Amino acid sequence: SIISRANNTEGTRKLELNAIRIGDVAWATTPFETFDVTGTFVKENSPYEMTFFMSMCNGANSYVAAEYAFDKVGTYEVLNRLFEKGTAEGVADQLVEMLKSMEG
């Protein structure tokens, strides 16, 4: 799991991320909605040929917008987010590390 500072007065929020592997197939999940670039990054950097990325698993904690969305004025996902810029990229990096740690 990773910790990210929220964009409000709640301070930090612990995020539970999950990765599982069965043979040569792997799944990586987040409890919030992400942009497609997050899932694509995880799949492209996974050590497994068949990697599935799923968002909105085990709860729904709002949006985690990709960095590029913060530069656009008034995007829905940025205006309705709980997490700061860079969280999506941190989530993707952490999931890839989790997948790599299961290699064997």
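Here goes a summary of the coordinates provided.

Conventions used here
- Residues numbered from 1 in each chain as written.
- Predicted model: local features only at pLDDT ≥ 70, side-chain atom pairs only at ≥ 80, totals over all residues.
- Heavy atoms only, no water.
- Axes fitted to C-alpha atoms, helices over the stretch in contact; angles between N-to-C directions.
- Helix = DSSP H or I, 4+ residues; strand = E, 2+ residues; numbered from the N terminus.
- Parallel < 35°, antiparallel > 145°, perpendicular 65-115°, else oblique.
- Left-handed = near helix turned anticlockwise from the far one by under 90°.
- Contact = heavy atoms within 4.5 Å.
- Nonpolar A, V, L, I, M, F, W, Y, C, P; charged D, E, K, R; others polar.
- Salt bridge = Lys/Arg side-chain N within 4 Å of Asp/Glu carboxyl O.
- Buried < 20%, exposed > 50% of the residue type's maximum accessible area, 1.4 Å probe, protein only.
- Core = buried A, V, L, I, M, F, W, Y, C linked by side-chain atoms within 4.5 Å.
- Arc of directions from axis to C-beta.
- Pairing = 2+ DSSP bridges.
- Patch = residues over 30% accessible without salt bridge, like charges linked within 9 Å, V, L, I, M, F, W, Y side chains within 5 Å.
- Areas by Shrake-Rupley, 256 points an atom, 1.4 Å probe, with all protein chains shown as cover.

Between helix H1 (residues 36-45) and helix H3 (residues 87-101), the shortest axis-to-axis distance is 9 Å and the interhelical angle comes to 25 degrees. If you check the angle between H1 and H3, you find them roughly parallel. As H1 packs across H3, the resulting crossing turns out to be right-handed. Facing H1, whose interface residues are Thr38, Phe41, Val42 and Asn45, H3 presents Ala88, Ala92, Asp93, Leu95, Val96, Leu99 and Lys100. Residues belonging to the contact of H1 with H3 are distributed by class as follows: seven nonpolar, two polar and two charged.

Inspection of every chain in the model, using the stated rule, returns one salt bridge. Of the charged contacts, one joins Lys85 and Asp71 as a salt bridge, the two residues approaching to 3.6 Å between their closest N and O atoms. On the criterion of sequence distance, the pair formed by Lys85 in the loop between helix H2 (76-79) and H3 and Asp71 in the loop between strand E7 (63-64) and H2 is long-range, its members being 14 residues apart. Residue classification places Lys85 among the partly exposed positions, given a relative accessible area of 43%.

Grouped together as the largest cluster of nonpolar side chains are 17 residues, with contacts concentrated most on Leu17, Ala28, Phe32, Val42, Val91, Leu95 and Leu99. Looking at this core, the elements with two or more residues in it are strand E4 (25-29) and H3. For this core, the element with the highest residue contribution is H3, accounting for seven residues. Residues Phe35, Ala69, Phe70 and Val78 belong to the second largest nonpolar core, which totals six residues.

Attention shifts here to H1. For H1, every residue scored as buried is listed here: Thr38, Gly39 and Val42. The buried side chains of H1 occupy one side of the element, clustering within an arc of 95 degrees when seen end-on. Set apart from the buried face of H1 by more than 90 degrees, the exposed residues are Asp36 and Glu44. In this fold, the buried residues of H1 make contact with E4, strand E5 (33-34), strand E6 (50-54) and H3.

Moving on, we get to the pairing of E6. Along E6, the buried face is formed by Thr51 and Phe53; none of Met50, Phe52 and Met54, which line the opposite face, is buried. Looking at chain direction, E4 and E6 are connected through five bridges and run parallel. In the strand pairing of E6, Trp27 is matched with Phe52.

Let us now look at a nonpolar patch on the surface. A cluster of nonpolar side chains, namely Met50, Phe52 and Met54, defines an oily patch on the protein surface of about 260 Å² accessible area. Mapped onto the elements of the fold, Met54 is located in strand E6.

What follows covers the sheet that holds E6. For sheets, the rule is that strands pair by backbone hydrogen bonds, running either parallel or antiparallel. Strand order in the open sheet made by the three strands is E3-E4-E6, with mixed pairing throughout. The sheet is open, and its two borders are formed by strand E3 (18-22) and E6, each paired with just one other strand. Averaged over all adjacent pairs, the angle separating strand axes in this sheet is 15 degrees, with direction ignored. Bridge count for E3 against E4 is five bridges, and the pairing is antiparallel.

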